[in-house]
Amino acid sequence: MPPVTAAAPATMSEHPVPTDFRYAEALRRPGVRALRAAWTRTLGFDPCPPDHVIDAFADDMWTGDPVAERFVDEVFFGPGGPRRGRNLLDRALIDGIDAIDDPPDAMQALFDEFERLPDWVDPKLVEQGAAVWRRWGTDLFRIAGAETLEMYTESAVAVPLSLAGGYAGDNALRRFLETARFWIDVSEPGALLAPGSPGRVTAMRVRVMHVSVRRRVAEHPEWDAGRWGLPISQAYMMLTLMGGSITPALFGFLFGWQTSPREIRALLHYQRYLGHVLGVHPRWYPATIRESVQITFLAAIGRSFTAGQHGAELIESFPRAFAPRGGGSACERVRSHLDYHLINGFVAMLMLPTTRRRHDMPAALPGVLLPPLRWPLIAVRELVRLAVPGADARLDRRARRVREAWYRTQMNGREAEFDASGALRR
């Protein structure tokens, strides 16, 4: 299989670095210098990426999705308003752009990009990466949700989410489940490569929703571009892809998942193509596990922890969103309590103790005991998958059923909307 090829390196930064991104300052701290030296001695490579990667990342903090933004401006918020725009979009997604008589130029450009398969895409790797996501099942949701809480300490991430209101307070569960619906749809077999598939339909709706939120937040008086760059920028969207690939792959070992380097490379490729469908086209994208770790390290030490109450609301809303709702059969009530404590266990294991102490979080016990108790069961299942012919396919089918059932139970009869037309909550 051909190796994944990274995007061309950037040269020099075209914009001032947003002041809340404190990577350069962090490199001068004694603790970071000691960590960097120990890491290099122990693992044999510098955790800090090269300068051209840092320049590209900083530039991408100012970059959005111009092709989709033109569509939103001219079609979604043009003549006929969002309803007409949504109807045109849905018809083109299901029946193809050719089903639209004389589509607007902005819509044609969006679908030309959306439907074009880049030269670097290896369909086999895309499918292999999606299969890894499916195998992790609902643990993917738990790991991704828990690890994201650390990034809610950053205003560049927290302010758009707080203004939109989706992941805060009573809305937290609904919006997270919409995200889970997205993860399910785009990782079904063939989902990203089949025209008109639910995965591609969902991806485009999410892309348009991102543009709509970006447009509103950038114009809001609470948004400080000098501190944070552009809302939902290419840089932070790329970090979201890392949050769905390298970080859950490495954290997964804590929970029994045995993801090989070959599978991680396939997952990186899958995520890169998923990003392409979502309009994530950064100046530089990691081609290897090492480069993925380096870009994650860059983001981790560059944090400013300035999100304050905006971040606290998001962080504290997540585990509480899964609190047992009551009702149902005895079996359903037990399952609801177990799921709640399991979520709390993942959060307790993946949050930094310093972050956890600053927030009002549910008790770690008994939830923190559940992942270690599950570890042998998952690890044995992983070994069976590798050793027994046909077991991988059977476990894949089971994982798909389980995650769909989990989603339906949590949604309690509702459906994901991916609404791009709603106003900000303040």
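Only a predicted model underlies this, so the values are computations on that prediction, with no experimental measurement involved. (Residues numbered from 1 in each chain as written. Predicted model: local features only at pLDDT ≥ 70, side-chain atom pairs only at ≥ 80, totals over all residues. Heavy atoms only, no water.)

So, the overall build of the protein
Our working rule: In this text, helices come from DSSP runs of H or I with a minimum length of four residues, and strands from runs of E with a minimum of two, each type numbered from the N-terminal end. Taken over C-alpha atoms, the radius of gyration is set against a globule rule of 2.2 Å times the number of residues to the power 0.38. Throughout this description, buried means an accessible area under 20% of the type-specific maximum (1.4 Å probe, protein chains only), exposed means over 50%, and partly exposed covers the range between. Whether two residues are in contact is decided by their heavy atoms: any pair within 4.5 Å suffices. Using a 1.4 Å probe, the Shrake-Rupley method yields the accessible areas, and only the shown protein chains count as cover for residues. The charge count treats Lys and Arg as positive and Asp and Glu as negative. His and the chain ends do not count. Note that the charge is assigned to NZ on lysines, CZ on arginines, CG on aspartates and CD on glutamates.
Of regular secondary structure, the protein possesses 21 helices and zero strands. Against the globule reference of 22 Å for 426 residues, the protein gives a C-alpha radius of gyration of 21 Å, in line with a compact fold. Taking the principal axes of its C-alpha atoms as reference, the protein extends roughly 60 × 55 × 50 Å. For the protein, with 426 residues in total, the buried portion stands at 53%. Intrachain contacts of the protein at a sequence separation of at least 6 include 80% that bridge at least 24 residues. Just so you have it, the protein exposes about 18,700 Å², and 58% of that area is on carbon and sulfur atoms. A gap of 7 Å separates the mean positions of the 52 positive and 49 negative side-chain charges of the protein.

A few points about the pattern of salt bridges
Note the threshold: Definition used for salt bridges: Asp or Glu carboxyl oxygen within 4 Å of a side-chain nitrogen of Lys or Arg.
Under the defined criterion, the tally for this structure stands at 30 salt bridges. A salt bridge links Glu-263 to Arg-135, with the shortest nitrogen-to-oxygen separation between them at 3.1 Å. In this pair, Glu-263 sits in helix H15 (residues 261-278) while Arg-135 sits in helix H7 (residues 123-136), placing the two residues 128 residues apart along the sequence. The class of Glu-263 is buried, set by a relative accessible area of 8%. Residue classification places Arg-135 among the buried residues on the basis of a relative accessible area of 11%. One salt bridge in this structure joins Glu-150 and Arg-303, with 2.6 Å as the shortest N-O distance. On the criterion of sequence distance, the pair formed by Glu-150 in helix H8 (residues 138-151) and Arg-303 in the loop between helix H16 (289-301) and helix H17 (308-320) is long-range, its members being 153 residues apart.

So, the nonpolar core
Keep this limit in mind: In these notes, a set of buried Ala, Val, Leu, Ile, Met, Phe, Trp, Tyr and Cys residues joined through side-chain atoms within 4.5 Å is what counts as a nonpolar core.
With 112 residues, the main nonpolar core has Phe-57, Phe-71, Trp-133, Tyr-270 and Phe-322 as its most contacted residues. Setting aside residues up to four positions removed in sequence, Trp-133 forms contacts with Leu-140, Trp-183, Val-186, Ser-187, Gly-244, Leu-267, Tyr-270, Gln-271, Leu-274 and Arg-403.

Looking at helix H11 (residues 198-218)
Basically, it comes down to this: One less than the number of residues in a helix, times 1.5 Å, gives the span that helix is expected to have.
With 21 residues, H11 should cover 30 Å at 1.5 Å per step; its first-to-last C-alpha distance of 30 Å lies within 8% of that length. With 16 of 21 residues buried, H11 is to be regarded as a mostly interior element.

Focus on unusual backbone geometry
In this chain, Leu-365 is followed by Pro-366 through a cis amide linkage whose omega measures 5 degrees. Structurally, the position occupied by Pro-366 is in the loop between helix H19 (353-357) and helix H20 (370-387). A positive phi angle, close to 50 degrees, is found at Asp-102, a residue other than glycine.

Topic: the packing of helix H9 (residues 155-164) against H17
Put simply, the rule is: Whenever a helix is involved, its axis is fitted only over the stretch in contact; in every case the axis is a line through C-alpha atoms, and angles between N-to-C directions fall within 0 to 180 degrees. Reported orientations rely on four angle classes, namely roughly parallel under 35 degrees, roughly antiparallel over 145, roughly perpendicular from 65 to 115, and oblique for the rest.
Between H9 and H17, the shortest axis-to-axis distance is 9 Å and the interhelical angle comes to 70 degrees. Between H9 and H17, the angle is such that the two are roughly perpendicular. For the pair H9 and H17, the contacting residues are Ala-158, Val-159, Leu-161 and Ser-162 in the first and His-310, Gly-311, Glu-313 and Leu-314 in the second.

A short note on the packing of aromatic side chains
Each aromatic ring pair is summarised here by two numbers: the centre-to-centre distance and the angle between the ring planes. Test applied: Pairing of aromatic side chains requires ring centres within 6.5 Å, counting the rings of Phe and Tyr and the six-membered ring of Trp. Pairs whose planes differ by under 30 degrees are stacked, by over 60 edge-to-face, and all others tilted.
Inspection of every chain in the model, using the stated rule, returns 18 aromatic pairs. The interplanar angle of 70 degrees and the centroid separation of 6.5 Å between the aromatic rings of Trp-133 and Trp-183 together place this pair among those described as edge-to-face. You can see Trp-133 sitting in helix H7 and its partner Trp-183 sitting in helix H10 (residues 172-187), a full 50 residues away along the chain. Neither residue differs from the other here; Trp-133 and Trp-183 are each classed as buried. Centroid distance Phe-141 to Trp-183: 5.7 Å. Interplanar angle 20 degrees. Geometry classified as stacked. Placement of the pair is Phe-141 in helix H8 and Trp-183 in helix H10, with a sequence separation of 42 residues.

Points about a positive patch on the surface
Short version of the rule: A patch is a set of surface residues, each over 30% in relative accessible area and not in a salt bridge, joined within 9 Å for like charges and within 5 Å for the nonpolar side chains Val, Leu, Ile, Met, Phe, Trp and Tyr.
On the surface, Arg-394, Arg-397, Arg-398 and Arg-401 cluster together into a positively charged patch. Its place among the elements puts Arg-394 in helix H21 (residues 391-411).

Digging into a nonpolar patch on the surface
A contiguous nonpolar patch, built from Leu-365, Leu-369 and Leu-373 and spanning about 330 Å² of accessible area, is present on the exposed surface. Note that Leu-373 resides in helix H20.

Overview of the environment of Gly-64
For Gly-64, the position within the fold is in the loop between helix H3 (51-60) and helix H4 (66-76). It is 9.0 Å that separates the C-alpha atoms of Gly-64 and His-281, two residues lying 217 residues apart in sequence. In contact with Gly-64, not counting residues within four places along its chain, are Glu-69, Arg-214, Leu-230 and Gln-234.

Thoughts on the environment of Ala-146
Inspection of the secondary structure puts Ala-146 in helix H8. For Ala-146, the contacting residues outside a window of four places in its chain are Phe-318, Phe-346, Val-347 and Leu-350.

Some thoughts on the confidence of the model for the protein
The condition that has to hold: As a per-residue quantity, pLDDT reports the predictor's confidence and falls between 0 and 100.
In this model, the protein carries an average pLDDT of 91, and 93% of its residues clear a pLDDT of 70 or more. The model gives residues 1-12 a pLDDT under 50, and that stretch makes 28 contacts with residues more than four places away or in other chains.

Re the packing of H8 against helix H18 (residues 330-350)
Axis angle and axis distance: for two packed helices, these are the angle between their axes and the distance between the axes, and together they describe the pair. Quick reminder of the rule: Left-handed describes a crossing whose near helix is turned anticlockwise from the far helix through less than a right angle; right-handed describes the clockwise counterpart. Each residue gets one of three labels, nonpolar for Ala, Val, Leu, Ile, Met, Phe, Trp, Tyr, Cys and Pro, charged for Asp, Glu, Lys and Arg, and polar for the others, Gly among them.
For the pair H8 and H18, the least separation of the axes is 9 Å and the interaxial angle reads 45 degrees. In terms of orientation, H8 lies oblique with respect to H18. Crossing angle aside, the handedness with which H8 passes H18 is right-handed. Residues Asp-139, Arg-142, Ile-143, Ala-146, Glu-147 and Leu-149 of H8 touch H18, and the partners they reach there are Asp-339, Leu-342, Ile-343, Phe-346, Val-347 and Leu-350. Taken together, the residues that form the contact of H8 with H18 break down as eight nonpolar, no polar and four charged.

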